[in-house]
Amino acid sequence: MTHDDVTAPRPDAADLISQGRAHLGIELGSTRIKAALIDDAGAVLATGSFAWENTLADDSWTYPMDEVWEGLATCFADLADAVRTHYDVPLTRLASLGISAMMHGYIALDADGELLAPFRTWRNTYTSDAASLLSETFGQNIPLRWSVSHLLHAVLGGEDHVGSIAAITTLSGLVHRRLTGRSVLGVGDASGMFPISSAGGAPDYDRELLGRFTGLDAVADVPWELADLLPEVLVAGQDAGTLTEEGARLLDPSGALEAGALTAPPEGDAGTGMVATQAIAPRTGNVSAGTSAFAMVVLERPLATPREEIDMVTTPSGDPVAMIHTNNCTGDLDQWLGVFAQFAQLLGQDVDTEELYARLFEAGAAGDADAGGVLSFNYLSGEHQTGVDSGRPLLVRTQQASFTLENLMRAQLHGAFGALAVGMEVLLEEEKVGLDVMYAHGGIFRTKGVAQQVLADALRTPVALGASAGEGGAWGMALLAAHTAQLAEGRTGRAASDGAAPGGADGATTEALRRFLADEVFASQEVTTLEPTDEGARGYADWLRGYRAALPVERLAGESID
């Protein structure tokens, strides 16, 4: 985001902000911490950001905790500066706020709330033995990146900190805890820690599976029960506490921000992606494309059998969702575009980044439907969807391939969605999951019609893109915060101030969120839908056959190249 990423400002925006009636969403993504300040209807008033990168330390992908707190404060300061620039008022009060972050991973805390081990992100894939044991024990797929897989991995490895664990959470849960003092988590993010069930009414951790975990020989001697370590599960709209004085100083060390703002349940980036694209009803789905990518499809009925390729999670309201997650998406593409930017500089050309992306994406759109036989493996890390343990970015072509700029860029666009297309084939063709439309969001879609058409052709499904598609998860989290505030004030749906899940298992939770998004946020938003084309779908299918055939080369590269 930049300070220019604002909706046409409303006339009373300055008064709304100064009166503390705006809502704030912050998302800690893979490459940026982003903030979006909105009004009740979701119009973006101001944005802020902080760039960061993960670090490989001691064979584990992590982010230093000091950088988490520095990044939050810097992002908020950037937002406050944007508010002053646009509206000439200070940002001192908020109606509500919410925190989102990359899902899953492992954060273990002691009794004082201090970190016991470095934060382990979703990118770490060394938990295969633990995930396999859990999948067998639970009778459903437990992914490598889920928090329970990381916890059992630590137990199986005899790690020193295991006996001192008093709580585990996700990154969004940790930040929320520091801002409010409450150990809670939105159900969407919680569903990436441990399986969720709605059998008892409101969605909560599956009690039967918690019992099976306790029965594992590996955890017989640990001094805790898993149920006592997990954060409380909340659904969209529930009161998740208020911003404390300590939390306000953490966000704004200058002291200008006041405490007391209502908070929404902290969520994962998958949940905010669903909200940001209005994909919360059955037979709808969304693709969130960034450093990683995931496709979420809200289910009409449970899957017939557990599938290793498919994660079962939930919407922020607790409805079942099938997720296809890939570790790689735009990272390698961004690096290629960086090379082209360097080339332009060598020629003495100062090229605007947005223009560079647009020109090269448009070149890709003009390439052959099958990319002329050029293959791109964007594997900066391993990729479980295609059985690649250790990734190496590769560009592969035969001597007969048509190696042009257009086909090089077309291959890059195809490759960004390659592993996702492999996983979605399992979901749509083998499991016969119903899907009417796939909504998309993420920076790769900013060039109108290019990546959107590639994705539609890859999935053979209509892909819709809203005007807010580039806003991303921070905007989705701000919407959840605004929804929470409206419920608490009784302005929409039913109030949740009594702490009970609004609607529980009777569908009222989903309906309240659906109505808020449909009636107040997306009603006037322009949505562009592209259908798959016959030529594009055939071309992508041909390209994907070559991609699958060349996967042994990718696997060998991971084994052979240090």
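Note: the structure precedes this text.
Below or above, wherever it landed, is the structure these notes cover. (Residues numbered from 1 in each chain as written. Predicted model: local features only at pLDDT ≥ 70, side-chain atom pairs only at ≥ 80, totals over all residues. Heavy atoms only, no water.)

Every second residue of strand β22 (residues 463–466) is oriented toward a common face, with V463 and L465 on one face and A464 and G466 on the other, all of them buried. Here strand β21 (residues 437–441) pairs with β22 via two bridges, running parallel. Bridging from a neighbouring strand, M438 pairs with V463 of β22. Sheet analysis places β22 next to strand β23 (residues 527–530), joined by four bridges and oriented antiparallel. Residue pairing across strands places A464 opposite T529, the latter belonging to β23. (Buried < 20%, exposed > 50% of the residue type's maximum accessible area, 1.4 Å probe, protein only. Helix = DSSP H or I, 4+ residues; strand = E, 2+ residues; numbered from the N terminus. Pairing = 2+ DSSP bridges.)

Before going further, it helps to spend a moment on empty space enclosed by the protein. Under the definition given, this model contains three cavities of 30 Å³ or more. When its volume is computed, the second largest cavity comes out at roughly 60 Å³. Forming the boundary of the second largest cavity are M102, M103, H104, W122, D269, S292, F294, M323 and H325. Looking at side-chain class alone, the lining of the second largest cavity contains five nonpolar, three polar and one charged residues. (1 Å grid on protein atoms, 1.4 Å probe; cavity = no way out; pocket = protein on both sides within 12 Å on 5 of 7 lines; lining within 4 Å. Points joined across faces, edges and corners; volume = space filled by probe spheres on them. Nonpolar A, V, L, I, M, F, W, Y, C, P; charged D, E, K, R; others polar.)

A few words now on the packing of helix α12 (residues 353–365) against helix α13 (residues 405–416). For any two helices packed against each other, the geometry is given by the interaxial angle and the distance between the axes. At a minimum axis distance of 7 Å, the contact between α12 and α13 shows a crossing angle of 95°. Viewed along their axes, α12 and α13 adopt a mutual orientation that is roughly perpendicular. Side by side, α12 and α13 meet where L360, F361, A363, G364 and A365 of the first sit next to L405, E406, M409, R410 and L413 of the second. A class-by-class count of the residues in the contact of α12 with α13 yields seven nonpolar, one polar and two charged. (Axes fitted to C-alpha atoms, helices over the stretch in contact; angles between N-to-C directions. Parallel < 35°, antiparallel > 145°, perpendicular 65-115°, else oblique. Contact = heavy atoms within 4.5 Å.)

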